[in-house]
There are 2 protein chains.
Amino acid sequence: MKKKEVEKIEGCITRLMVIRDAMDVLSGKWKIPIIASLSLKGKMRFMDLIREVDGIAAKMLSKELMSLETNLLIKRTVMNTKPITVEYELTPHGKTLNKIIKEIGDWGVLHRKMIIGK
Amino acid sequence: MKKKEVEKIEGCITRLMVIRDAMDVLSGKWKIPIIASLSLKGKMRFMDLIREVDGIAAKMLSKELMSLETNLLIKRTVMNTKPITVEYELTPHGKTLNKIIKEIGDWGVLHRKMIIGK
DNA sequence: CAGGATCCGTGACGATACTG
DNA sequence: CAGTATCGTCACGGATCCTG
């Protein structure tokens, strides 16, 4: 087998690996919608997210936010107000997801036309 | 409220809606990896996919392929060989996912660097 | 307001064996 | 080879109540 072919095959394998890495961080029902909300609206509080991310329960939101924070995608800021409020926003690294969010949104429009159109 | 502001808010809401539409079709552990494999390698048979999509069980693959076919993303072709073989490939509509796959892959590389780097 | 605690159902996902 | 059948597990996700 030629060197170029080997490289191509290995390229495929690592490509599939990084895709799975990404999906480990992003998969689930809520993570993309949460990130999309923060991406579109910027800084948001817990209650804002409850309202914005349609149908999510507080427990799930809490859990997903923790996961996203652990993966350095969002930043959590506690404000000293009374009662306390908490703000969430995308980190610089979280903002690098914007392209994915955009593509998913664009494709969603396309897909909707496809389904309705037939 | 001005007309432009209304449009912006409605734009956000519908944006989040189409994103959820897209996620309904794409979410889950396996769909993106399956599509990515078909995207990178073109036409594949059931066994090829079992090998390529690392760790998937036959039952899951079968189920996911059905779901993807229902959503018009892949095409299933039964060949009259002995024993029978089946080929799967992306439909034109399925190929419109290439941009998403690319972005996810690119981001996966970035994310890996981010995690290892710290 | 932000969330934790608790209880709970359902389905996603997995391993193995089997069939046309 | 391309699946289906069967059985089992566990975490996703939901509802409700509670607290600093």
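Definitions and limits used
Residues numbered from 1 in each chain as written. Chains lettered and ligands numbered in written order. Predicted model: local features only at pLDDT ≥ 70, side-chain atom pairs only at ≥ 80, totals over all residues. Heavy atoms only, no water. Contact = heavy atoms within 4.5 Å. Buried area = accessible area lost by both parts, 1.4 Å probe. Salt bridge = Lys/Arg side-chain N within 4 Å of Asp/Glu carboxyl O. Polar contact = N/O pair within 3.5 Å; in protein donor to acceptor, adjacent residues only side chain to side chain. Helix = DSSP H or I, 4+ residues; strand = E, 2+ residues; numbered from the N terminus. Nonpolar A, V, L, I, M, F, W, Y, C, P; charged D, E, K, R; others polar. Expected span 1.5 Å × (residues − 1). Buried < 20%, exposed > 50% of the residue type's maximum accessible area, 1.4 Å probe, protein only. Arc of directions from axis to C-beta.

### Here we look at the interface of chain B and chain A
Part 1 of the argument: The partner chain A presents 44 residues to the 44 residues of chain B that form the contact.
Part 2 of the argument: When chain B packs against chain A, the two sides together hide about 4300 Å² of surface, and 73% of this comes from carbon and sulfur.
Part 3 of the argument: Inspection of the chain B/chain A interface yields four salt bridges.
Part 4 of the argument: Taking the shortest distance from any N to any O, the salt bridge between Asp106(A) and Arg15(B) comes out at 2.9 Å.
Part 5 of the argument: One can count 12 residue pairs in polar contact (both at pLDDT 80 or more) joining chain B with chain A.
Part 6 of the argument: Mapped by element, the contributors of at least two residues to the side of chain B that touches chain A are α1 (3-26), α2 (31-41) and α6 (98-117) of chain B.
Part 7 of the argument: Looking at which element gives the most residues to the side of chain B that touches chain A, the answer is α6(B), with 15 residues.
Part 8 of the argument: In the side of chain B that touches chain A, the residues fall into 24 nonpolar, seven polar and 13 charged.

### A closer look at helix α6 (residues 98-117) of chain A
Part 1 of the argument: Between its first and last C-alpha atoms α6(A) spans 28 Å; for 20 residues at 1.5 Å apiece the expected length is 28 Å, and the two agree.
Part 2 of the argument: When α6(A) is considered as a whole, its buried residues turn out to be Ile100(A), Ile101(A), Glu103(A), Ile104(A), Gly105(A), Trp107(A), Gly108(A) and His111(A).
Part 3 of the argument: The inward-facing, buried residues of α6(A) abut α1 (3-26) and α2 (31-41) of chain A together with α1, α5 (92-95) and α6 of chain B.

### Details of helix α4 (residues 58-70) of chain A
Residues and elements named next belong to chain A.
Part 1 of the argument: Between its first and last C-alpha atoms α4 spans 18 Å; for 13 residues at 1.5 Å apiece the expected length is 18 Å, and the two agree.
Part 2 of the argument: Along α4, the residues that are buried comprise Leu61, Glu64, Leu65 and Leu68. Along α4, the residues classed as buried sweep out an arc of 105° about the axis, all on the same side. Facing away from the buried side of α4 by over 90 degrees, the exposed positions are Lys59, Met66 and Thr70.
Part 3 of the argument: Along its buried surface, α4 packs onto α2, α3 (46-52), β2 (74-79) and β3 (85-90).

Remember, this is a structural readout, not a statement about activity or role.
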